[in-house]
Amino acid sequence: IGIFKLTKPYNQSFDVDGQSMQNVLSAMPTFQVDKFIEDEALELKKYGLDDPSMEIVLSEKNVDTNEINTIHYLFGSDMNDAYIYFKEADTNSVYAMEKVKSEKFEVEPFDLISKLIYIVGIKEVDKIEVEGFGQKYGITIDREVTKSENEGEEDKEVETFKIDGKEI
């Protein structure tokens, strides 16, 4: 079970793949203000911040106090070929950062989702059926138990995994 959850843009939350998230988080040290543009900007439209091109929201919950800490940034239009406008969501101070730094945060949400099927009681599962997009798949686990010949030794169980009847 991952420590990160993806809560948007989908209707349910998903576990986040640790390696994929690490790739995004590794960009955080490069996240910095490279240029100060305007304090208390009244016309966010000229920076493209009225309709952001990208939004980053990261939240953490303190399990002891239930306090939630959040960082929330909005990215607007390009300032030029090298810089992009951005701001904190709850202020109107506008900054710019090098576009190459912001591009590290451009990921598809689906790419962050853990693709691992996690089944707590896998020993209790003999068959899984998956259906979607007009396709059906059957995953089976065949188990063969060989009784131990010696007293005190455990029986040997061999599992054979198959998808649509084909051993994998």
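Quick notes on the rules
Residues numbered from 1 in each chain as written. Predicted model: local features only at pLDDT ≥ 70, side-chain atom pairs only at ≥ 80, totals over all residues. Heavy atoms only, no water. Buried < 20%, exposed > 50% of the residue type's maximum accessible area, 1.4 Å probe, protein only. Helix = DSSP H or I, 4+ residues; strand = E, 2+ residues; numbered from the N terminus. Pairing = 2+ DSSP bridges. Core = buried A, V, L, I, M, F, W, Y, C linked by side-chain atoms within 4.5 Å. Phe/Tyr/Trp six-rings, centres within 6.5 Å; stacked < 30°, edge-to-face > 60°. Patch = residues over 30% accessible without salt bridge, like charges linked within 9 Å, V, L, I, M, F, W, Y side chains within 5 Å. Areas by Shrake-Rupley, 256 points an atom, 1.4 Å probe, with all protein chains shown as cover. Salt bridge = Lys/Arg side-chain N within 4 Å of Asp/Glu carboxyl O. Lys, Arg positive; Asp, Glu negative; His and termini not counted. Polar contact = N/O pair within 3.5 Å; in protein donor to acceptor, adjacent residues only side chain to side chain. Contact = heavy atoms within 4.5 Å.

Colleague: Hey, could you run me through the pairing of strand β6 (residues 83–88) in this one?
Modeller: It is a general feature of regular strands that their side chains alternate between the two faces of the sheet. Most of β6 sits inside the fold, with 5 of its 6 residues counted as buried. Linking strand β5 (residues 68–78) to β6, which pair antiparallel, is a turn of 4 residues. Adjacent in sequence and paired antiparallel, β6 and strand β7 (residues 94–98) are bridged by 5 residues.

Colleague: What is the right way to look at the nonpolar core in this model?
Modeller: Across soluble globular proteins, you tend to see nonpolar side chains buried next to one another. The biggest cluster of nonpolar side chains holds 17 residues, and the ones touching the most others in it are F31, F75, F86, M97 and F105. By size, the runner-up hydrophobic cluster in this structure holds 7 residues, among which are Y47, L74, Y85 and V94.

Colleague: Would you explain the packing of aromatic side chains in this entry?
Modeller: To describe a pair of aromatic rings, you give the distance between the ring centres and the angle between the ring planes. In total, this model carries 6 aromatic pairs according to the counting rule given. When the ring of Y47 is compared with that of Y85, the centres are 4.8 Å apart and the planes differ by 65 degrees; the resulting orientation is edge-to-face. Taken as a pair, Y47 in the loop between β3 (35–38) and β4 (54–61) and Y85 in strand β6 lie far apart in primary sequence, 38 residues in all. Like Y47, the residue Y85 is buried in the burial classification. Clustering of aromatic rings is evident, with ring pairs tying together F36, Y73, F75, F86 and Y95.

Colleague: Would you mind showing me how to read a nonpolar patch on the surface here?
Modeller: A surface patch of nonpolar side chains, about 440 Å² in accessible area, is lined by V130, Y137, F161, I163 and I168. Within the secondary structure, V130 is located in strand β8 (residues 127–132). Accessibility expressed as a relative area gives 37% for V130, which makes it partly exposed.

Colleague: How should the side chain of K87 be read in this particular structure?
Modeller: Looking at the secondary structure, you find K87 in strand β6. For the buried K87, no salt bridge is present, and the opposite-charge side chain at shortest range is D90, 6.7 Å distant. A distance of 3.3 Å separates the side chain of K87 from the backbone oxygen of A89, its partner in a polar contact. Leaving out residues up to four positions away in the same chain, K87 has contacts with L44, L49, H72, Y73, L74, N92, S93, V94 and Y95.

Colleague: So what exactly am I meant to see when it comes to unusual backbone geometry here?
Modeller: What you tend to see is this: most non-glycine residues have negative phi, and most peptide bonds are trans. At the junction of K8 and P9, the peptide bond is cis and its omega measures out at 15 degrees in the coordinates. By the element assignment, P9 lies in the loop between β1 (5–6) and β2 (14–15). One non-glycine residue with positive phi stands out, namely E40, at about 50 degrees. Looking at where E40 falls in the secondary structure, it is placed in the loop between β3 and β4. If you check the backbone angles, F133 has positive phi at about 55 degrees while not being a glycine. By the secondary structure assignment, F133 is in the loop between β8 and β9 (135–146).

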